[in-house]
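As a plain string of letters, each chain reads:
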Amino acid sequence: PINFPSVSLDMIKYKVAKNPSFFGRSRQEGTKVFNTAPKTVAVKSLPPHPLRDRVPVGKYLMSEEISSEQLKTGESFTYQFTVQGEGNISAIDIPTVEASENFDFYSPNIQQNINRSNNKVRGSKSFNYYAIPNEPGEFDLSDQVYLVYFDPYEEKYDTLRSGLKV
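Residues numbered from 1 in each chain as written. Predicted model: local features only at pLDDT ≥ 70, side-chain atom pairs only at ≥ 80, totals over all residues. Heavy atoms only, no water.

Brief notes about a positive patch on the surface
So, step 1. A cluster of basic residues, Lys13, Lys15, Lys18 and Lys32, forms a positive patch at the surface.
So, step 2. In this fold, Lys18 is placed in the loop between β2 (8-16) and β3 (27-35). (Patch = residues over 30% accessible without salt bridge, like charges linked within 9 Å, V, L, I, M, F, W, Y side chains within 5 Å. Areas by Shrake-Rupley, 256 points an atom, 1.4 Å probe, with all protein chains shown as cover. Salt bridge = Lys/Arg side-chain N within 4 Å of Asp/Glu carboxyl O. Lys, Arg positive; Asp, Glu negative; His and termini not counted. Charge placed at Lys NZ, Arg CZ, Asp CG, Glu CD. Helix = DSSP H or I, 4+ residues; strand = E, 2+ residues; numbered from the N terminus.)

Considering the environment of Ser8
So, step 1. Looking at the secondary structure, you find Ser8 in strand β2.
So, step 2. Judged by relative accessible area, Ser8 falls into the partly exposed class, the value being 49%.
So, step 3. Along the primary structure Ser8 and Val33 are separated by 25 residues, whereas in three dimensions their C-alpha atoms are 6.7 Å apart.
So, step 4. With sequence-adjacent residues up to four places away left out, Ser8 is seen in contact with Val33, Phe34 and Asn35. (Buried < 20%, exposed > 50% of the residue type's maximum accessible area, 1.4 Å probe, protein only. Contact = heavy atoms within 4.5 Å.)

Some points on the sheet that holds strand β12 (residues 156-161)
Strand pairs in the sheet, formed through backbone hydrogen bonds, run parallel or antiparallel to each other.
So, step 1. The sheet built from three strands is open, its strands ordered β7-β11-β12 with antiparallel pairing. The open sheet is flanked by β7 (96-97) and β12, the only strands paired with a single partner.
So, step 2. Sheet topology places β7 next to strand β11 (residues 145-151); two bridges connect them, and they run antiparallel. Opposite Val97, over in β11, you have Val145 as the bridge partner. (Pairing = 2+ DSSP bridges.)

A word on the pattern of salt bridges
So, step 1. Taken as a whole, this structure holds four salt bridges when the rule is applied.
So, step 2. Put simply, Lys44 and Glu155 hold a salt bridge, and the shortest N to O gap is 3.8 Å. Taken together, the positions of Lys44 in the loop between β4 (39-41) and β5 (58-66) and Glu155 in the loop between β11 and β12 put the pair 111 residues apart, joining distant regions of the chain. Pair check on accessibility: Lys44 and Glu155 agree, each one exposed.
So, step 3. What you see here is one network of salt bridges that share partners, running through Glu86, Lys120 and Arg122.

So, the side chain of Lys125
So, step 1. Examined against the element boundaries, Lys125 turns out to sit in strand β10 (residues 120-133).
So, step 2. If near-sequence neighbours (up to four positions away) are discounted, Lys125 is found in contact with Phe81, Thr82, Val83, Ile89, Ser90, Ile92, Ile110, Gln111 and Gln112.

Some details on the side chain of Gln144
So, step 1. Position of Gln144 relative to the elements: it lies in the loop between β10 and β11.
So, step 2. Overall, the relative accessible area of 8% leaves Gln144 in the buried class.
So, step 3. In this structure the side chain of Gln144 is engaged in a polar contact, spanning 3.5 Å, whose partner is the side chain of Ser100. (Polar contact = N/O pair within 3.5 Å; in protein donor to acceptor, adjacent residues only side chain to side chain.)

Examining a nonpolar patch on the surface
So, step 1. On the surface, Ile2, Phe4, Val41 and Val43 cluster together to form a nonpolar patch covering roughly 350 Å² of accessible area.
So, step 2. One can find Phe4 in strand β1 (residues 2-4).

A word on the pairing of strand β9 (residues 109-117)
So, step 1. Bridge count for β9 against β10 is nine bridges, and the pairing is antiparallel. Within β10, the position partnered with Ser117 by the bridge is Lys120.
So, step 2. Remark: two residues form the turn of the hairpin made by β9 and β10, two consecutive strands paired antiparallel; Asn118 in that turn has positive phi of roughly 50 degrees.

Given below as structure tokens:
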């Protein structure tokens, strides 16, 4: 549980003086103290999972773009993996990119857009990769690029995977 202590606010209040003088103040100063009640919030723990301490929590979807699905060995391409939805967007870490002899993926450029309103955090986070294919063939990127997260509405872990074949 998280405990929020009581907080106080001292507020200056004024009332009209009963006998205001010509040179004196026409109002009398006083203070009023407001106090909040302490609050305790119960926090649910996530179910057991090997990545439990590192997964983002939220309701997410993904979209992706690639510069070309017909690649040439040794020639670079760009790949964008975008996570969007409701949750702690800033806590989303770089998606897992499995090491492979087939591709060299370089660290992504990251852009995020966060909107906080109506007690919800929504937005998107994009990961723009620069990569080079090393081997010819047909490859499914779902084995290469993915992101594990916890969906609090479904109360289960889920994985966003690439749907591209190159």
